[in-house]
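# Fold and geometry: a report
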Amino acid sequence: MGKKVAIVGAGVSGLAAIRCCLEEGLEPICFERSNDVGGLWKFSSHVEEGRASIYQSVFTNSSKEMMCFPDFPYPDDFPNYMHHSKLQEYIKSFAQKKDLLRYIQFETLVSSIKKCSSFLTTGQWVVVTEKDGKQESVLFDAVMICSGHHVYPNMPTDSFPGLEHFQGKCMHSRDYKGPGDFQGKKVLVIGLGNSASDIAVEVSRLATQVIISTRSGSWVMSRVWNDGYPWDMVYVTRFASFLRNILPSFVSDWLYVKKMNTWFKHENYGLMPLNGPLRKEPVFNDELPARILCGTVSIKPIVTKFTETSAVFEDGTVFEAIDCVIFATGYGYAYPFLEDSIIKSRNNEVTLYKGIFPPQLEKPTMAVIGLVQSLGAAIPTADLQARWAAKVFTNACVLPTTNEMMDDIDEKMGKKLKWFGQSHTLQTDYITYMDELSSFIGAKPNIPWLFVTDPQLALEVYFGPCSPYQFRLMGPGKWDGARSAILTQWKRTVKPTRTRAVGEAQRPCHLYDLLQMLFFPVFFLAVLLTFY
């Protein structure tokens, strides 16, 4: 084995890191504070300190073909959107089939990670762990932090005057496990993200009244899109990304808003974002509009103050006799085992090159895997990040200078503010980001070459969903089954829904996409001719 790599956390990012280290001849040792793999997706009926927490009813927002490990498709009969228990089953199967469990030390807490005394020359780290009350200090050549960012809840209590006098119950969405305790209650949910919407919808079936308070609104999308296909298999395509990037911003923004309003008019439901064209992550909830229509959930603006029993909203209205306030206000980035200056190297903000490497380290021997947020699935993103990081650790890939990395971070930050607005998450465009990472390791799909050598595959790669298999199709880490997986992905998509077979299975038509592509140049030409 080669260099020793410490991996913090055995969720999907940690498992990807272990596997990628093994592919590069590194020696991974993963430390997991719980007794099982899965991280966020390992459900517990109670909140555990230092671990992510989900509620019983959680389902995925990404479909199975878009959120798999790139060389490990889900079983054909798995549903497209999975309950957390089904995803955990898949994660455990991956760990077992890839023989990763023997590299994990369970029930082991990472207490601290510090540069060793010879870091300037060796780049090594001293990792202190604790198990059964005993501490151990071990020297590692590199570190991969895969502990996620759904652990430390953000409770903005200082932002709500009078909250200290409120006599009802206050809790964070992290502490929510199910709706049973809310029978007949009046509930206020602060926030309008995925957790807020899920909780509000679920609680509204038992509660007397549920109100969601939102500062800026959100786009709400259904998991079911055009012709009943999963949203991401229709929306996350190379062709669609190409259109979004080449069209003038005013046209791209108009199309985006129009598409977001296809299902229902957000302004009629009080959900319309204050800055509609911003590409911040939408909310995926198939029931929220119906619950609003039925009157069991209402949307209100931000709370300006609390009294002992009520909340006053920005529009002057009051929600009286509140029993419980649920803060679905996200999470903070915290790595208590690490010096803040390593990750937050500027203005107390997370500053990482490509969302992975601390740019000001003297040696590139630390990587953060799974922190980047995009309108795409976490598993393939973590896999590609870990592949690149492992190659950097073995010197197969070289990072730019510190100044070049900081310049790149500044440039990306400017684009981020334009596309996603002021946000504390490291958001990015999924396909652009994945192509960038895969190009660093020589695994980016060569589309022109595919059109020459394999037109059938090229059409599916370019016009079809940008599924994870594309990034194991060629180059280092190539998977021999990638071509077949891409060409059969629609078959696996419809299988679990065609439990009553009626007619032939249908799939999207690439000809329609080609006609769409031709429409825009013709449209703009017509507009130019009209004015000139």
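For clarity, every value in this text was computed on a predicted model and none was experimentally measured.

## Digging into unusual backbone geometry
- Phi at Asp227 takes a positive value of approximately 60°, unusual for a residue other than glycine.
- We note that Ala321 has phi near 55°; this positive angle belongs to a residue other than glycine.
- Topologically, Ala321 is positioned in the loop between β17 (318-319) and β18 (324-327).

## Concerning the packing of aromatic side chains
- As enumerated under the stated definition, the model contains 28 aromatic pairs in all.
- With 5.3 Å between their ring centres and 45° between their planes, Phe239 and Phe463 make a pair best called tilted. Here Phe463 lies in helix α14 (residues 455-463) and Phe239 lies in helix α6 (residues 238-246), a separation of 224 residues in the sequence.
- The buried category is assigned to Phe239, whose relative accessible area is 3%.
- Site record: aromatic cluster; members linked through ring pairs are Phe69, Phe72, Tyr74, Phe78, Tyr90 and Phe94.
- In this structure, Arg244 is placed above the aromatic ring of Tyr235, and the distance from its NZ or CZ to the ring centre is 4.6 Å.

## A word on the domain arrangement of the chain
- Per the domain assignment, the segments making up the chain are domain 1 (4-151 + 333-440) and domain 2 (154-222 + 263-330).
- Relative to domain 2, the C-alpha centre of domain 1 lies at a distance of 31 Å.
- Taken residue by residue, the interface counts 25 residues in domain 1 and 15 residues in domain 2.
- The junction of domain 1 with domain 2 conceals about 1500 Å² of combined surface from both sides, 50% of it contributed by carbon and sulfur atoms.
- In this structure, the connection of domain 1 to domain 2 is made through zero salt bridges.
- Taken together, domain 1 and domain 2 are joined by ten residue pairs in polar contact (both at pLDDT 80 or more).

## Some details on the pattern of salt bridges
- Applying the stated criterion across every chain, the model contains 20 salt bridges.
- One salt bridge connects Glu65 with Arg492, and the closest N-O pair in it is separated by 2.8 Å. With Glu65 in the loop between β2 (27-31) and α2 (84-97) and Arg492 in helix α16 (residues 489-494), this residue pair connects regions lying 427 residues apart in the sequence.
- On the basis of relative accessible area, Arg492 is assigned to the buried category, the value being 9%.
- Asp454 is paired through a salt bridge with Arg483; the nearest N and O atoms lie 2.6 Å apart. Of this pair, Asp454 sits in the loop between α13 (447-453) and α14 while Arg483 is found in helix α15 (residues 482-487), placing the two residues 29 residues apart along the sequence.
- By relative accessible area, which is 34% here, Arg483 ends up partly exposed.

## Section: the packing of helix α1 (residues 12-23) against helix α10 (residues 378-393)
- Taken N-terminus to C-terminus, the directions of α1 and α10 make an angle of 35°; their axes are 8 Å apart at the nearest point. Note on packing geometry: the crossing formed by α1 with α10 is right-handed. Residues Val12, Ser13, Ala16, Ala17, Arg19, Cys20, Cys21 and Glu23 of α1 pack against Ile379, Ala382, Asp383, Ala386, Arg387 and Ala390 of α10.
- For the contact of α1 with α10, the class distribution of residues is nine nonpolar, one polar and four charged.

## Let's talk about the side chain of Ser112
- Its place among the elements puts Ser112 in strand β4 (residues 109-115).
- Look at Ser112 and you get buried, because its relative accessible area is 17%.
- If we skip the residues at most four places from it in the chain, Ser112 touches Val126, Val127, Val128 and Phe337.

## A few points about the nonpolar core
- Among the nonpolar cores identified, the biggest contains 121 residues, and Tyr90, Met144, Phe357 and Trp388 are the most heavily contacted of them.
- Here this core gets nine residues from one element, more than from any other, and that element is α10.
- Excluding anything up to four places from it in sequence, Phe357 contacts Leu352, Met366, Ala367, Trp388, Ala389, Val392, Phe393 and Leu399.
- Counting residues in hydrophobic clusters, the runner-up holds 24 residues, among them Ile145, Tyr333, Val368 and Leu371.

Rules behind the numbers
Residues numbered from 1 in each chain as written. Predicted model: local features only at pLDDT ≥ 70, side-chain atom pairs only at ≥ 80, totals over all residues. Heavy atoms only, no water. Helix = DSSP H or I, 4+ residues; strand = E, 2+ residues; numbered from the N terminus. Phe/Tyr/Trp six-rings, centres within 6.5 Å; stacked < 30°, edge-to-face > 60°. Buried < 20%, exposed > 50% of the residue type's maximum accessible area, 1.4 Å probe, protein only. Lys NZ or Arg CZ within 6 Å of the ring centre and 35° of its normal. Domains from an automatic or database assignment. Contact = heavy atoms within 4.5 Å. Buried area = accessible area lost by both parts, 1.4 Å probe. Salt bridge = Lys/Arg side-chain N within 4 Å of Asp/Glu carboxyl O. Polar contact = N/O pair within 3.5 Å; in protein donor to acceptor, adjacent residues only side chain to side chain. Axes fitted to C-alpha atoms, helices over the stretch in contact; angles between N-to-C directions. Left-handed = near helix turned anticlockwise from the far one by under 90°. Nonpolar A, V, L, I, M, F, W, Y, C, P; charged D, E, K, R; others polar. Core = buried A, V, L, I, M, F, W, Y, C linked by side-chain atoms within 4.5 Å.

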